[in-house]
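Survey of secondary and tertiary structure
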Amino acid sequence: MWKRSKVTDQTAAGQAGIKKKSKVPGVMITQFLEELPEEMTTPDFTRKPIALTIQEGKVAIFKAIVVGTPTPTITWSRATGDLIFHPELCVQKYDDISREHTIEFPKVSGEDADTYKCFATNEYGRAVCTVVLNVISVGFSKTKELQKKQGEESTDFRKKLKKRKDDGTREEKPMETEEKVWEILLSADKKDYEHICAEYGITDFRRMLKKLSEMKKEREEEIAEFVTHISTLKPIEVRDDDCATIELDMDLKDPSSKIFLYKNGVMIPFTKEDSEALKHNLKQVGKKYVFTIKNLGSEDAGLYSVDVGGVNVFSTEFKVPEVDFAVKIKEVKAEEREDALFQCVLTAPLNEVNWFGKSAALTNDEKHEITVSEDKLIHKMIVRDCMPLDGGIYAAVAGIKSCNAWLIVEDPGVHFHAGLSDCKAIVGEAAELECKVSREDCEGIWFKDGDEIKSSEGITITKEGTFHRLKIHKVTEEFAGKYKFEADGRKTESLIVVEDPPRFSTAELEAFKTPVTVKKGHKASFKLPYVGREPIKIQWYLEGEELSEETNIRLDHSDGCSSLLLTKLQRKDSGEVKIKLKNEFGTVEAFSQLVVLDKPTPPMGPLDITEASSSVIDFKWRAPKDSGGCKIDNYILERQQIGRNTWKKVGPIGPEATYRDSDVDHGRKYCYRIRVETEIGTSELMETEDIQAGTKAYPGSPSAPKVVTAFKGCIKLSWSPPSNTGGTNILGYNLEKRKKGSNLWGPVNPPDGMIQGKGYEVKDVAEGIEYEFRVSAINNSGAGEFSTPSEFVFARDPKKPPGKAIDFKVTDSTYTNLSLAWTKPKDIVGVEDDAKGYFVEIRPAANTEWDRCNSNALNMTFYTVKGLKSMAMYWVRIIATNDGGEGEPQELDNYILAMPPPVRPRFTDAKIKSFMVVRAGNSARFNINFEASPWPEVIWLKDGSPVSKKVTLSNAEATSQLLIPSAERSDTGIYTIIVKNIVGQESFSIEIRVTDEPKPPGPVETDENVPGTVTVSWTASPDEKRDDRLHYMVTKRDSCKRTWNTIADRIFNNRFTVCNIMPGREYQFRVYAKNDMGSSKHSESQKWLISAKKEKFTVHVPETKACNLECPPKFLVPLRMHTAPQGYECYMSCAIKGDPTPHVTWLRNNISLNTNTNYFISNTCGVCSMLILRVGPKDTGEYKIIAENSIGRAECATNLTVRD
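Throughout what follows, the structure given in this document is the object of discussion. Values in this document were obtained by computation on a predicted structure and should not be read as measured data.

The rules behind each value
- Residues numbered from 1 in each chain as written.
- Predicted model: local features only at pLDDT ≥ 70, side-chain atom pairs only at ≥ 80, totals over all residues.
- Heavy atoms only, no water.
- Phe/Tyr/Trp six-rings, centres within 6.5 Å; stacked < 30°, edge-to-face > 60°.
- Helix = DSSP H or I, 4+ residues; strand = E, 2+ residues; numbered from the N terminus.
- Buried < 20%, exposed > 50% of the residue type's maximum accessible area, 1.4 Å probe, protein only.
- Lys NZ or Arg CZ within 6 Å of the ring centre and 35° of its normal.
- Core = buried A, V, L, I, M, F, W, Y, C linked by side-chain atoms within 4.5 Å.
- Contact = heavy atoms within 4.5 Å.
- Patch = residues over 30% accessible without salt bridge, like charges linked within 9 Å, V, L, I, M, F, W, Y side chains within 5 Å.
- Areas by Shrake-Rupley, 256 points an atom, 1.4 Å probe, with all protein chains shown as cover.
- Salt bridge = Lys/Arg side-chain N within 4 Å of Asp/Glu carboxyl O.
- Pairing = 2+ DSSP bridges.
- 1 Å grid on protein atoms, 1.4 Å probe; cavity = no way out; pocket = protein on both sides within 12 Å on 5 of 7 lines; lining within 4 Å.
- Points joined across faces, edges and corners; volume = space filled by probe spheres on them.
- Nonpolar A, V, L, I, M, F, W, Y, C, P; charged D, E, K, R; others polar.
- Axes fitted to C-alpha atoms, helices over the stretch in contact; angles between N-to-C directions.
- Parallel < 35°, antiparallel > 145°, perpendicular 65-115°, else oblique.

A closer look at the packing of aromatic side chains
Summed over all chains, the structure comprises 27 aromatic pairs. When the centroid spacing of 5.8 Å and the interplanar angle of 45° are considered together, the rings of Phe-619 and Trp-621 count as tilted. Ring geometry for Phe-1052 and Tyr-1128: centres 5.2 Å apart, planes at 85°, overall edge-to-face. Pair noted here: Phe-1052 is in the loop between β84 (1045–1051) and β85 (1055–1058) and Tyr-1128 is in the loop between β91 (1122–1125) and β92 (1130–1139), with a separation of 76 residues, a long-range link. For Phe-1052, a relative accessible area of 21% translates into the label partly exposed. Through a chain of ring-to-ring contacts, the aromatic side chains of Phe-619, Trp-621, Tyr-635, Tyr-659 and Tyr-672 assemble into a single cluster. Cation over ring: Lys-578 sits above Tyr-541, and NZ or CZ is 4.5 Å from the ring centre. Here the guanidinium or amino end of Arg-877 rests over the ring plane of Trp-850, the centre of that ring lying 4.2 Å away.

Points about the nonpolar core
If you look at the biggest cluster of nonpolar residues, it comprises 29 residues, and the most contacted ones within it are Met-250, Ile-259, Phe-291 and Val-313. Looking at this core, the elements with two or more residues in it are β13 (227–238), β14 (243–252), β15 (259–263), β18 (288–294), β19 (302–308), β20 (311–318) and β28 (392–398). Among the elements that line this core, the one with the most residues is β14, at 5 residues. Here Val-313 is in contact with Arg-219, Ile-223, Val-227, Ile-230, Leu-248, Val-306, Asp-307 and Val-308, once residues within four sequence places are set aside.

Points about a nonpolar patch on the surface
On the surface, Ile-393, Trp-406 and Ile-408 cluster together into a nonpolar patch covering about 270 Å² of accessible area. As for its position among the elements, Trp-406 is in strand β29 (residues 401–410).

Topic: the pairing of strand β9 (residues 91–95)
Where β9 and strand β10 (residues 100–105) come together, 5 bridges link them in antiparallel fashion. Among the inter-strand pairings, Tyr-94 is bridged to a residue of β10, identified as His-101. Hairpin connection of β9 to β10: 4 residues between the antiparallel strands, including Arg-99 at a positive phi of 60°.

Digging into empty space enclosed by the protein
All told, the structure shown has 2 cavities of 30 Å³ or more when counted by the stated rule. Taken together, Arg-1037, Asp-1038, Arg-1042, Glu-1066, Tyr-1067, Gln-1068 and Lys-1087 make up the full set of residues lining the second largest cavity. Elements represented by at least two residues in the lining of the second largest cavity include exactly β83 (1031–1038) and β86 (1066–1075). Sorting elements by how many residues they give to the lining of the second largest cavity places β86 first, with 3 residues. Partitioning the lining of the second largest cavity into residue classes produces 1 nonpolar, 1 polar and 5 charged.

Comments concerning the packing of helix α2 (residues 177–187) against helix α3 (residues 193–200)
Taken N-terminus to C-terminus, the directions of α2 and α3 make an angle of 175°; their axes are 11 Å apart at the nearest point. Relative to α3, α2 is oriented roughly antiparallel. Between α2, through Thr-177, Lys-180, Val-181, Ile-184 and Leu-185, and α3, the contact on the second element is made entirely by Tyr-193, Ile-196 and Tyr-200. When the residues that make up the contact of α2 with α3 are grouped by side-chain class, the tally is 6 nonpolar, 1 polar and 1 charged.

Here is the structure:
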């Protein structure tokens, strides 16, 4: 059995993602809940997998041990692709004894090299770690040769699959078995690979997966040429109407692309309409394509393929099992709320039968229960809790055979097809309740608030077939309440809620909508009756602004009516009038219009003079801004000839804002006054500017002539007409020419033969002479100013454009500039002429258009492009040019990044400290210098995670600084800087330890366990749990020397045994706590004294036999567990008794240490000790001490753990 494992590194939906730090480096823990239940824990690794570098063909094993309550679930994944479990590829195991989770690769290949992840998950959290597998290929590899051969076979086979005719169709021949199986695999789900390979005898799974991956990638590229998107690829399905369908969704790039259907490699004709003529048809709805196979038979079995153009997009195999119905399903009758059973018997075993209800596929759910007997012959389907809607035709489909039968749901009694609905009724209007029962012969009773009601003066109860209705003709408040209809023991209820919102009568509302029109200074009134339950809030609005009582506004609200009176109205008061009524049941509004009539405003300028000739003046103006609410009857004009004092009345000219005055004298100027006349009055006047009849207005200058073509005997020119025509049409043009170096312009066209068009061919030129040209326009007034001269042009046949520039390259670059150089193109006679200049063009990678850097052609063969965007990507090209035009562009072979030459990140400080101790409360500052190009990305991490916000990071060019303003103990950790750019990356780590002078240890006690020794013990310093580098120092003073001497330092436990204690002397001990910042105040013991002489006494002991004091070795004080930081010393001790004196042997991992000079071993008066001066990882393990004498043997063991 092989399966696919796909694990996504995401927090579960709805779960919090609280990141936690594991004791094992490289493990990330995510806690799902803010607070964990008692005794519950998140997963964690006590042993994480170790990276492997292994030869190809060997066995690779990753091991992990995890803890957590409840027990976590272990899953594995890989960074690229899916992790496939199979005995020949990859196996996942678990050992109950060692509690190790392993993943094993029996025979590693180059394809297995990757980064793998191990996930440990329970309901409270998830832990994840990563591990790398590197695979080394050494010498000749049969596997590689086989893969190479297989690759060649795969290529040959893909070419074989692609053999098609010119029109994209396949060759007319049945498919071979190998072609068929690969086409099936290309469209199959990964979960189906196993049974497909088993069916067709494929055993080399690794080869199959690799070959299939290559073929899929190539097919996706081919499909992308014809199809934008493809999805919902449904394998062939048999329906209950003796048809089978193939469904797929695809978005074709070209809707006219041809679609082909093949069976076993042979094309099948089909129709795009549902026709009886062909067995196969295609139906398209939007982007969905459905192929249908009708009148199914055993001959329809085979591999069906859908091709678009010349590319296969989907294949599905249709298998027809040899099965039929021995007993078909039969009609079932069931009463409402009962279960209905359909049952069929097959002629041959079949795992499942497809069930359909009303042509819809059915599955196991709350409504339907589908079962099958153990022999796979009897198939049942139960419809639970039948309702009338469940009635209909049900079908069973086995292979291509089907049978169907009716389900009839019988009604055991009366029930409601439609119940009563709540009703909101308005006072004075009608209301109706209605329900529908299942039988026409059903009689029922109506109730209101529990009391039976019948038809009366205000209520009518009717029955029409299965409908029962209660109608209230005119609703009043007393009709509100709960209504109920009962029939045959069943009932339905509803509420009638009586409302009385404000409202208007239809006639009054229509009258109110009629606009009110008044003259300026008059008054206008609005009045509208209403009905509705009080209190009613009444508001009046004019043009959306609410009105209130003022000197010219009066509001009157009486019972059932509201009125508005507006006085002294002005034109600006015109607009929409609105009344708004609101009570607890709703809101109603009514609208009207107020029109205030007034004199119109003056006409509006500016004047548009359409003609001002010697015989007529024609002009237009704009209508007034406000016509005063009336239509314009006339415009009244007056005219004055400039220089005279009198105005001549022209008279009303009608409502059109235009006038043509033909009574004018050539050269005279006239002024006009214009007024607007309406039924209300005449507006103020608008006076025009002076208009001259027949003024001589010369045209402006045309554009500079452009050279269209140039030959030795003819130069063709073109130009654009002037924007200022002088008020009349342009009649023609005059053209002049001038030789280069001469001051004399000569006419091209004769004085009486002006040029009619906007171009001219100049033939009066001498070969090899350089000319320039200018042109002037002519209207009724005469010729205007000449244009600016054209560019100089030679009278010669055109040159050939130059070729491509040679050796185009980048000589230097910065973040903003790019220096280029090139060699001029070759001169090939008759093909490519000399280059006179060059244009440099750039194109940002995100754009499609080229931008020219220099507006004028360059004469030199080098150029610096400036103003680039730092780190932006650009394409660069150069174009050579001459009089014959521009040559083909020469591009650089690759894009250019705006940056200096690339430099891999490198730290430039000569010596960089990797450890820093900071006193709590002080600032911690670390500077580091580097070089890199392009500008690198600088990342700071603490213990593998981003630094907190309290840490200040300052990055400048070539330097970075980390600053912790006020350090706390929680800031202790390993800080890593990562400097990376596109060339590479570099990292450096520094350990910053934040601490303070430790607090002193607790009370010191002394005890004599072995004669001649004193065991000094003390209570741990409060800072011991927070500082893993905290240790202790013990000093001693006796009554003879009276000075304090250090007898032990760097003690990582809370006990020390002092040897060589002399009787008769008085001893005192002091204990200090120490760390990287210094030592604490001391804690002092009581004085310790062993008397030198004892009082003499006599004991009379009866004579006895000699006492044997011999005894086997025995540990009085055993060894204890030790945990020490790397680089520090570790001291182990124990106390032993035995007679004769035992021989003591120290062992680590069962290897004797007595002769190892790295360990200092002593045995004083039964106190055995061993000192490791500098602990390292190699010292981790089990330590054992063995004491032996002639009587017996004793052992004691402990473990030493070394912290990083």
